[in-house]
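# Working through the structure, step by step
The lines below spell out each chain.
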Number of protein chains: 2
Amino acid sequence: MAVPNATAASPLFLREPEIRRGVELLYFGYSHMTRAIDDELGLQGLGRAHHRALYFIARQPDLTVSELLKLLAITKQSLGRVLNELSARGLVEQRTGTSDRRQRLLRLTAEGAALEARLFEALREKVSAAYAQAGQGAVAGFWTVLEGLIPESERGRVVALQRER
Amino acid sequence: MAVPNATAASPLFLREPEIRRGVELLYFGYSHMTRAIDDELGLQGLGRAHHRALYFIARQPDLTVSELLKLLAITKQSLGRVLNELSARGLVEQRTGTSDRRQRLLRLTAEGAALEARLFEALREKVSAAYAQAGQGAVAGFWTVLEGLIPESERGRVVALQRER
DNA sequence: CGTTTGGGACAGCCATATTGACGTATTTAT
DNA sequence: ATAAATACGTCAATATGGCTGTCCCAAACG
């Protein structure tokens, strides 16, 4: 990379147009990814909030309620409603913790796992098309920038997801 | 799992864990970016919907209502409420279109522009920190992957934003 | 001329989030 | 043994930001 002068103080890619480009692409990219599952969710009579819970429970079986709360960054009350609905439909099951019996360990039922897989399939199509088009190097950059947007204090939780499945 | 010799047909970065990583990073990255402006918005008694309108009007002065509707992908009614509130507060002004007098051309007032700038500053801090940490090459990859998530049919609208400011 | 388009407005509804208070079981520390 | 902290659940009330359906007007277009 030829790095011309004056870049030490403020490289070109840190100028306002480049920042705005990132803001916009992040907005549109996120929007289109999430819209990819709205149809299937609508068929099930579920919303995006349900999917987020479903997703993270799929990702980290035996997740506790408080761990899920930290990931979703919503209130206990909001999550409670979602979790009750998912349980009532037989998509999620809760077991009492073994070492700490105050905890509820969350897992998908077979039916829940099947639904999550169906939803993930729609995400996979979207994301893998973008990955394939962009190439491996671009994907690495994509990850790196996004990781930088996550505060230090929470990065551990996100990295932990990678170790699961 | 019926794909034999998966490497040719599907490179490593298209496997499930890599797709999930993208999904999660996009979710967390987007979340943290948007949260960066919630405090300032709260002070003004505005919500994220107001910011999105403010942002795109800042980006493309004399934007018409229908263009803004396409960018935001919400209904006329939802946007109407937001736009009325922004107008009532003197943050946005509307002029009648010159060539087509049915159109309303949207612009920020000086006050609106000042608020948008203040909000953008919070975004800029977040994003430029991530950019700087990741480096120029990663930023290019970040853009490329996100562009791939935007359907062909809408990519033009997003690219057009870059030509404005 | 009739049709289409750009914009606005009504009522009512839904999904998802919030705060604050309170209750209960369980674990941990003194 | 008791006190404190933790994990979870639940109450009521409220806000935000979407949605549908319907109707309307003015201007542009063919």
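Residues numbered from 1 in each chain as written. Chains lettered and ligands numbered in written order. Predicted model: local features only at pLDDT ≥ 70, side-chain atom pairs only at ≥ 80, totals over all residues. Heavy atoms only, no water.

- As recorded by an unreviewed UniProt entry, chain A carries the name MarR family transcriptional regulator and is attributed to Sphingomonas colocasiae.

## Points about the protein's contact with DNA strand C
- In the neighbourhood of DNA strand C, 25 residues make up the surrounding shell, with Arg52, Thr75 and Ser78 of chain A together with Ser66 and Arg102 of chain B lying closest.
- Take alanine 49 of chain A: an N or O atom from its main chain is 3.4 Å from a phosphate oxygen of DNA strand C.
- At the level of elements, helix H3 (48-59) and helix H5 (76-88) of chain A together with helix H5 (65-72) and helix H6 (76-88) of chain B are the ones that each hand at least two residues to the surface near DNA strand C.
- For the surface near DNA strand C, the element with the highest residue contribution is H3 of chain A, accounting for 4 residues.
- By residue class, the composition of the surface near DNA strand C is 4 nonpolar, 12 polar and 9 charged. (Near = heavy atom within 4 Å. Polar contact = N/O pair within 3.5 Å; in protein donor to acceptor, adjacent residues only side chain to side chain. Helix = DSSP H or I, 4+ residues; strand = E, 2+ residues; numbered from the N terminus. Nonpolar A, V, L, I, M, F, W, Y, C, P; charged D, E, K, R; others polar.)

## Points about the interface of chain B and chain A
- Across the boundary between the two partners, chain B contributes 60 residues, which contact 60 residues of chain A.
- Of the roughly 6,500 Å² buried at the junction of chain B and chain A (both faces included), carbon and sulfur atoms supply 71%.
- By the criterion of area lost to chain A, the three top residues of chain B are Phe13, Arg20 and Tyr27 of chain B, representing 11% of everything that side buries.
- Between chain B and chain A we count 6 salt bridges in total.
- As a salt-bridge pair, glutamate 116 of chain B and arginine 20 of chain A come within 3.0 Å of each other at their nearest N and O atoms.
- Between chain B and chain A we count 18 residue pairs in polar contact (both at pLDDT 80 or more) in total.
- Examining the composition of the side of chain B that touches chain A, we find that 18 residues originate from one element, helix H2 (residues 16-35) of chain B, more than from any other.
- Classifying every residue of the side of chain B that touches chain A by side-chain character gives 34 nonpolar, 11 polar and 15 charged. (Contact = heavy atoms within 4.5 Å. Buried area = accessible area lost by both parts, 1.4 Å probe. Salt bridge = Lys/Arg side-chain N within 4 Å of Asp/Glu carboxyl O.)

## As for the relation of the copies chain B and chain A
- Note on the identical chains: chain B maps onto chain A by a rotation of 180 degrees and an axial translation of 0.0 Å, with an RMSD of 0.1 Å. Such a combination of turn and shift is consistent with a two-fold rotation axis. Judged by C-alpha distance, phenylalanine 142 of chain B is the residue of chain B that lies nearest the rotation axis, at 1.8 Å. (Least-squares fit on C-alpha atoms with pLDDT ≥ 70 in both.)

## Structural notes on the protein's contact with DNA strand D
- Neighbouring DNA strand D are 24 residues, the closest being Lys76 and Arg102 of chain A together with Arg48, Arg52 and Thr75 of chain B.
- Within 4 Å of the protein, the contacting atoms of DNA strand D are drawn from sugar and phosphate to the extent of 61%.
- Side-chain polar atom of asparagine 84 of chain A to a phosphate oxygen of DNA strand D: 3.4 Å apart, as the coordinates give it.
- A distance of 3.2 Å separates a phosphate oxygen of DNA strand D from a polar atom in the side chain of serine 78 of chain B.
- Secondary structure elements with two or more residues in the surface near DNA strand D: helix H4 (65-72) and H5 of chain A together with helix H4 (48-59) and H6 of chain B.
- Among the elements that line the surface near DNA strand D, the one with the most residues is H4 of chain B, at 4 residues.
- In terms of residue class, the surface near DNA strand D is built from 3 nonpolar, 12 polar and 9 charged.

## Observations regarding the pattern of salt bridges
- Under the criterion given, the structure shown has 22 salt bridges over all chains.
- Here aspartate 62 of chain A makes a salt bridge to arginine 95 of chain A, at a shortest N to O gap of 3.4 Å. In this pair, aspartate 62 of chain A sits in the loop between H3 and strand E1 (63-64) while arginine 95 of chain A sits in strand E2 (residues 92-96), placing the two residues 33 residues apart along the sequence.
- For aspartate 62 of chain A, a relative accessible area of 25% gives the class partly exposed.
- The shortest N-O distance in the salt bridge between aspartate 38 of chain B and arginine 48 of chain B comes to 2.7 Å. Taken together, the positions of aspartate 38 of chain B in helix H3 (residues 38-44) and arginine 48 of chain B in helix H4 put the pair 10 residues apart, joining distant regions of the chain.
- Residue classification places aspartate 38 of chain B among the partly exposed residues on the basis of a relative accessible area of 26%. (Buried < 20%, exposed > 50% of the residue type's maximum accessible area, 1.4 Å probe, protein only.)

## Focus: the packing of H5 of chain B against H6 of chain B
Residues and elements named next belong to chain B.
- Here H5 crosses H6 at 110 degrees, and the two axes come no closer than 10 Å. On the basis of their axis angle, the class for H5 and H6 is roughly perpendicular. With respect to the hand of their crossing, H5 and H6 are arranged in right-handed fashion. Contacts between H5 and H6 involve Val65, Leu68, Leu69 and Leu72 from the first element and Lys76, Leu79 and Leu83 from the second.
- Counted by class, the contact of H5 with H6 contains 6 nonpolar, no polar and 1 charged residues. (Axes fitted to C-alpha atoms, helices over the stretch in contact; angles between N-to-C directions. Parallel < 35°, antiparallel > 145°, perpendicular 65-115°, else oblique. Left-handed = near helix turned anticlockwise from the far one by under 90°.)

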